[in-house]
Amino acid sequence: MTAVPFYRHGLDESYAENVANVLRSPFLTSGTVGKAVEAQLCSFFDVPHAALVNSWTNGAVAVLLALGIGRGDEVIVPAMTFAATANVAELVGAKPVFVDVDPATLLLEPTAVRTAITKNTRAVIPVHLYGQMCDVRALREALGKRSDIAIVEDCAHAFEASFKGDMPGAHSDAAIFSFYATKNVTCGEGGAIITRDAKLFEAVGQSRLHGMSAGAIDRFAKSVYRHWDMLRLGTKANLPDILACLLPPQIATIRDRLPRRAVLARNYEGAFAALPIRMAETIPGTVHARHIFPIHVPPRMRDGMLAALNRRGIGTTVNYRSVPTLTYYRRKYGYGAGDFPVSYEWGEGTITLPLFPSMTEYEQTCVIEAVRECIAASVCPA
Ligand SMILES: *Cc1c(COP(=O)(O)O)cnc(C)c1O
């Protein structure tokens, strides 16, 4: 029996040189390395503005603050996502308005979003779940004349994804990435905001750093002290160079690793096609980032199967249980199992299997065999 980890990052000791270079610099925090990475992101996504942040979550808070979203405002989010997508609305004092997802793709559908819009709606956060992009252009069209509603893409799963040729950031006000430990591009903890909107970018420059006037990040640069002002409320979301220095080689080669992720995903899809397992459908026109590979088994089997896979040394997670049914949201807004039924049902039966570029054929065979045996044992218990 071979243990298969849920995830193995691809950073080796060659990255130590990048860290050593930052150690030789005076401040370790946000500086020239981060600026270079921001330029790299602008060219990768073909956008004029990028801002590194220390997590998706803090980046999204900075964006919502920059958009002036707060008490009395509503932010539409899918019910099937990571809790952080909704939490950021709560954190700025706004109300997350959950919308159920499409049963085939598990993505937020523009028509469903339309039914949740009220006069208080100020933003929608579509989530490119598992690495497949929502149709952001169609979402923009569905918002019609409501140009006061911002679209903020949750691209935590979708760095190298596209839909009909459009990359993240093409049709939104801002797109936000995560460089958390298990993401396709990682520096342990981190993230980035990209935008085409110069005014929003200027405001984010402040809201990601205490609300200080732009350029405060350079305040030590010239060894001449300059007073700074605080122009708006901000958080502390800037990414230090000591972490940013891990990003450039990964961004430069991210597309080279996608074919391996795609092969692993196709292998799983082929192996499970004839079993009582559901998988998310991929829409034509999608370049899928294949961030993670969730399957769905009959809910009564799920927790037993998770335990059986873990006993065999196979790393698994659940992405995700329906966010409105988590205790905090249930208590605050009174949601139950009957609300957002597609998300709830998926969340009760889903298991995420290991998928990472350095996963070997043998490791994947072990996972597939283990899943087959678990299904056989639950369908026909011994
Ligand atoms: C990981 C993740 C986040 C949060 O990212 P952090 O960088 O950990 O804040 C948000 N949304 C989704 C869909 C995620 O998977």
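Please refer to the structure higher up on the page.
Throughout this description, residue numbers start from 1 for each chain and increase along the sequence as written. This being a predicted model, a pLDDT of at least 70 is required before a residue's local features are given, and a value of 80 or more before pairs of side-chain atoms are given or counted; all residues contribute to the totals for chains, interfaces and linings. As a rule here, side-chain values come from all non-hydrogen atoms in the structure, and water together with hydrogens is ignored.

For the rest of this paragraph, the subject is the overall build of the protein. Helix and strand counts for the protein come out as 13 helices and 11 strands. Taken against the 2.2 N^0.38 rule, which gives 21 Å for 382 residues, the C-alpha radius of gyration of the protein at 21 Å falls within 12% of a compact globule. Contacts are residue-level and defined by heavy atoms, with any inter-residue pair within 4.5 Å sufficient. Partitioning the contacts of the protein with sequence separation of at least 6, the portion at a separation of at least 24 is 72%. Residue-level accessible areas treat just the shown protein chains as cover; the underlying method is Shrake-Rupley with a 1.4 Å probe. Surface summary for the protein: the accessible area is close to 16,700 Å², and the carbon and sulfur share equals 56%. We count a stretch as a helix when DSSP gives it H or I for four or more residues in a row; a strand needs E for two or more, and each element gets its number in order from the N terminus. With the radius of gyration taken over C-alpha atoms, the globule rule is written as 2.2 Å times the number of residues to the power 0.38.

Before going further, it helps to examine the side chain of Ser343. Structurally, the position occupied by Ser343 is in helix α12 (residues 341-349). Between N or O atoms, a polar contact is any pair within 3.5 Å; within protein, one atom must be a potential hydrogen donor and the other a potential acceptor, and residues adjacent in sequence are included only when both atoms are from side chains. A distance of 2.7 Å separates polar atoms of two side chains, one belonging to Ser343 and the other to Asp100. Discounting chain neighbours no more than four positions away, the residues touching Ser343 are Ala79, Met80, Asp100, Val101 and Ser322.

Let us look at a nonpolar patch on the surface. Taken together, the side chains of Tyr225, Trp228, Met230 and Leu233 define a hydrophobic patch exposed on the protein surface, amounting to about 490 Å² of accessible area. Counting through the fold element by element, Trp228 comes out in the loop between α7 (198-207) and α8 (241-244). For patches, a residue must show more than 30% relative accessible area and have no salt bridge; joins then use 9 Å for like charges and 5 Å for nonpolar side chains, namely Val, Leu, Ile, Met, Phe, Trp and Tyr. By definition, a salt bridge exists where a carboxyl oxygen of Asp or Glu is found within 4 Å of a side-chain nitrogen of Lys or Arg.

Near, as used in this document, describes a residue that has one of its heavy atoms within 4 Å of the molecule or strand being considered. Taken together, 16 residues sit near the ligand, with Thr57, Asp154, His157, Ser178 and Lys183 positioned nearest. Separating an oxygen atom of the ligand from a side-chain N or O atom of Thr57 is a distance of 2.6 Å. The side chain of Tyr320 places a nitrogen or oxygen atom 3.1 Å from an oxygen atom of the ligand. Burial of the ligand by the protein amounts to 92% of the accessible area it has alone, namely 380 Å². Listed by contribution, the elements that provide at least two residues to the shell around the ligand are α3 (56-66) and α4 (83-91). When residues are sorted by character, Ala, Val, Leu, Ile, Met, Phe, Trp, Tyr, Cys and Pro go into the nonpolar class, Asp, Glu, Lys and Arg into the charged class, and all the rest, Gly among them, into the polar class. Class assignment of the residues belonging to the shell around the ligand gives a composition of 7 nonpolar, 7 polar and 2 charged.

The disulfide definition used here is simple: a pair of cysteine sulfur atoms within 2.5 Å. If you walk through the whole model with that rule in mind, you get 0 disulfides. In this structure Cys187 is not part of a disulfide, and its nearest cysteine sulfur, from Cys245, lies 8.7 Å away.

This next bit is on the environment of Ile69. Tracing the sequence through the fold places Ile69 in the loop between α3 and β2 (74-78). Along the backbone, Ile69 and Leu139 are 70 residues apart, and their C-alpha atoms lie at a distance of 20 Å. Leaving out residues up to four positions away in the same chain, Ile69 has contacts with Leu64, Val75, Val92, Ala94, Arg122 and Ala123.

Turning our attention to the nonpolar core. Generally speaking, soluble globular proteins have nonpolar side chains that are buried together. Working definition of a nonpolar core: buried Ala, Val, Leu, Ile, Met, Phe, Trp, Tyr and Cys residues. They are joined through side-chain atoms within 4.5 Å. A 1.4 Å probe rolled over the protein chains alone gives each residue an accessible area, and that area as a share of the maximum for its type sets the label: buried under 20%, exposed over 50%, partly exposed in between. Among the nonpolar cores identified, the biggest contains 53 residues, and Phe272, Ile295, Leu353 and Val371 are the most heavily contacted of them. Elements that contribute at least two residues to this core include exactly β3 (95-99), α5 (110-116), α6 (136-142), α9 (248-272), β10 (293-296), α10 (299-311), β11 (350-353) and α13 (361-379). When residues of this core are assigned to their parent elements, the largest contribution, 7 residues, is made by α13. In contact with Phe272, not counting residues within four places along its chain, are Ile277, Met279, Ile295, Leu353, Ile368 and Val371. Judged by nonpolar contacts, the second largest core, of 35 residues, contains Val53, Trp56, Ile69 and Ala84.

Stacked, tilted and edge-to-face are the three classes assigned to paired rings of Phe, Tyr and Trp, where Trp is represented by its six-membered ring and a pair needs centres within 6.5 Å; plane angles under 30 degrees give stacked, over 60 edge-to-face, the rest tilted. This model, assessed by the stated rule, comprises 17 aromatic pairs. The rings of Phe98, Tyr328, Tyr329, Tyr333, Tyr335 and Phe340 are connected pair by pair, giving a single aromatic cluster.

Side chains Thr350 and Thr352 of β11 all project onto a buried face; the interleaved residues Ile351 and Leu353 project onto the opposite face, where all are buried too. Both β10 and β11 contribute to a ladder of 4 bridges, which runs antiparallel. Pairing of Pro294 across the sheet is with Thr352, part of β11. Pairing between two strands requires that DSSP report at least two bridges joining them.

Quick look at the environment of Leu129 now. Along the chain, Leu129 falls in the loop between β4 (121-124) and α6. For Leu129 and Ala262, which are 133 residues apart along the polypeptide, the C-alpha to C-alpha distance reads 16 Å. Those residues within four positions of Leu129 in sequence are excluded, and the remaining contacts are Met80, Thr81, Leu106, Leu107, His157 and Tyr320.

Moving on: the sheet that holds β4. Reading across from one edge, β1-β8-β7-β5-β4-β2-β3 is the order of the 7 strands in this open sheet, with mixed pairing throughout. The open sheet is flanked by β1 (49-53) and β3, the only strands paired with a single partner. Averaged over all neighbouring strand pairs, the angle between strand axes comes to 25 degrees, with direction disregarded. Note that β4 and strand β5 (residues 150-154) share 2 bridges and pair parallel. Its bridge partner lying in β5, Ala123 is registered against Ala150. Lines fitted to C-alpha atoms define the axes, with helix axes restricted to the stretch in contact, and inter-axis angles between N-to-C directions lie between 0 and 180 degrees. Each of β1, β7 (174-178) and β8 (191-195) touches helix α2 (residues 32-45); the most contacted strand, β1, lies at about 130 degrees to it.

Attention shifts here to unusual backbone geometry. For the bond from Asn319 to Tyr320, the omega torsion is 10 degrees, close enough to zero to count as cis. Along the chain, Tyr320 turns up in the loop between α10 and α11 (327-333). Although it is not a glycine, Phe340 adopts a positive phi angle of roughly 50 degrees. Relative to the elements of secondary structure, Phe340 occurs in the loop between α11 and α12.

We now examine α9. The span you would expect from a helix comes to 1.5 Å times its residue count less one. With 25 residues, α9 should cover 36 Å at 1.5 Å per step; its first-to-last C-alpha distance of 36 Å lies within 8% of that length. Throughout, bend refers to the angle between the axes fitted to the seven residues that end at a position and the seven residues that start at it. Ile254 marks the point of greatest bend in α9, at about 55 degrees. Along α9, the residues that are buried comprise Gln250, Ile251, Ile254, Leu258, Arg261, Ala262, Leu264, Ala265, Tyr268, Ala271 and Phe272. Lining the buried residues of α9 we find α2, β9 (286-287), β10, β11 and α13.

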